[in-house]
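Residue-level structure breakdown
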Amino acid sequence: MTATDASDWVTLTRLPAMSLAHVLKSRLEDEGIECLIQGEQSHQIYPGALSDVVVQVRAADLVPARRVMTEVVDVSDDGES
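The paragraphs below set out a description of the structure included in this document. (Residues numbered from 1 in each chain as written. Predicted model: local features only at pLDDT ≥ 70, side-chain atom pairs only at ≥ 80, totals over all residues. Heavy atoms only, no water.)

Moving on: the environment of aspartate 8. Turning to its location among the elements, aspartate 8 is positioned in the segment before strand 1 (9–15). When the C-alpha positions of aspartate 8 and alanine 60 are compared, they lie 8.2 Å apart, and in sequence the two are 52 residues distant. If near-sequence neighbours (up to four positions away) are discounted, aspartate 8 is found in contact with Val57, Arg58 and Ala59. (Helix = DSSP H or I, 4+ residues; strand = E, 2+ residues; numbered from the N terminus. Contact = heavy atoms within 4.5 Å.)

Looking now at the packing of helix 1 (residues 18–30) against helix 3 (residues 62–72). Packing of helix 1 against helix 3 brings their axes to within 10 Å, and their N-to-C directions diverge by 130°. Classified by the angle their axes make, helix 1 and helix 3 are oblique. In this structure, helix 1 crosses over helix 3, and the sense of that crossing is right-handed. From helix 1, Leu20, Val23, Leu24, Arg27 and Leu28 reach across to helix 3, where they touch Ala65, Val68, Met69, Glu71 and Val72. (Axes fitted to C-alpha atoms, helices over the stretch in contact; angles between N-to-C directions. Parallel < 35°, antiparallel > 145°, perpendicular 65-115°, else oblique. Left-handed = near helix turned anticlockwise from the far one by under 90°.)

Have a look at this one:
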């Protein structure tokens, strides 16, 4: 991944499990949407860490990323708008 400006990235969702974040990341990348998983290293060091996993996408990809997310994650009560 190339160096990026942090202001280009927005939070798509927060997930309770790293495994679910990886499934979502895979689907996003299948659709050509670049994404980042925040906290990935801490979850590798401390498996089962209690903090949520934050999935981010570029601001320009937010709308299509939300469409993909609805196929992967039950968004009915995740608190994201």
